[in-house]
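Analysis of the macromolecular model
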Amino acid sequence: MIAIYPGSFDPITYGHLDIIKRGALLFDRVIVAVLRNPNKTPLFSVQERLDQIKIAAHHLSNVEADSFEGLTVTYAQMRGASALIRGLRAVSDFEMELQMAHTNKTLSTQIETVFLATSNEHSFLSSSVVKEIARFGGSIDHLVPTHVAEDIYRCYAKTHPASPQTEPTPAIVATTFSE
């Protein structure tokens with residue numbers, strides 16, 4: 001059975017990896033599908049995100065990374081998938097995800113949505129939070145794989161937070177919890 005785990009993955013986080021690993025145990029094959037969304041301005045190109053995912057999930061033999069644009073259901077049908085994997089961090093995620101699952105069901109009755117509750121240690125984590133912390137010079141090493149953290153630090157032209165900073169870092173960083 002093939003499952004699609006769609007998202008922007010800008011960048012991939014340990015929360016995403018948790019869902020990928022658990023999905024890989026449930027399905028024969030998991031395709032981590034990067035959505036090309038013209039309405040978002042990503043930090044990384046689609047190819048960079050695909051490379052980050054491939055490196056992070058290289059140890060999972062039944063996981064692959066791909067990209068698509070358009071409807072997720074159409075992409076899932078094209079790939080022969082029978083399920084969509086969605087991670088849930090909080091009740092607020094559930095409302096939006098349930099609406100999306102119902103909508104997808106009207107587009108294809110052959111594709112099921114499987115919700116995986118995010119592990120407690122990752123329940124606060126989003127790509128937006130990671131980017132905001134990094135943008136203000138905070139350490140993200142515990143939130144994303146090492147290669148992804150290095151890519152993010154380069155994007156924001158910051159040295160590693162453990163290194164001396166040329167500019168003072170704000171003591172408090174306001175974060176948002178939406179992707």
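Provided above is the structure to which this section pertains.
Heads up: these notes are all about the structure in this document. (Residues numbered from 1 in each chain as written. Predicted model: local features only at pLDDT ≥ 70, side-chain atom pairs only at ≥ 80, totals over all residues. Heavy atoms only, no water.)

As a working rule, side chains carrying opposite charge can pair if their charged atoms are close by. One pass over the structure, following the stated rule, counts 10 salt bridges. With its nearest N and O atoms 3.1 Å apart, the salt bridge here joins Arg 89 to Asp 93. Accessibility expressed as a relative area gives 24% for Arg 89, which makes it partly exposed. The exposure class assigned to Asp 93 is buried, which follows from its relative accessible area of 12%. Salt bridges here are not isolated pairs; linked through shared partners, they connect Arg 29, Glu 64, Asp 66 and Arg 79. (Salt bridge = Lys/Arg side-chain N within 4 Å of Asp/Glu carboxyl O. Buried < 20%, exposed > 50% of the residue type's maximum accessible area, 1.4 Å probe, protein only.)

Relative to the helices and strands, Glu 97 resides in helix H4 (residues 91-107). Glu 97 gets classed as buried once you look at its relative accessible area, which sits at 4%. Ignoring sequence-local partners within four residues, the contact set of Glu 97 consists of Arg 86, Leu 88 and Phe 115. (Helix = DSSP H or I, 4+ residues; strand = E, 2+ residues; numbered from the N terminus. Contact = heavy atoms within 4.5 Å.)

Our next topic: the nonpolar core. Counting 36 residues, the largest nonpolar core has Ile 20, Val 63, Ile 85, Ile 140, Val 144 and Ile 152 as the members making the most contacts within it. Sorting the residues of this core by element identifies strand E1 (2-7), helix H1 (14-26), strand E2 (29-35), helix H2 (46-56), strand E3 (63-68), strand E4 (83-88), helix H5 (127-135) and helix H6 (146-155) as the ones contributing at least two each. Ignoring sequence-local partners within four residues, the contact set of Val 63 consists of Ile 20, Ala 24, Val 30, Val 32 and Ala 57. Core analysis: the second largest hydrophobic core is formed by 11 residues, Ile 2, Ala 33, Ala 81 and Ile 111 among them. (Core = buried A, V, L, I, M, F, W, Y, C linked by side-chain atoms within 4.5 Å.)

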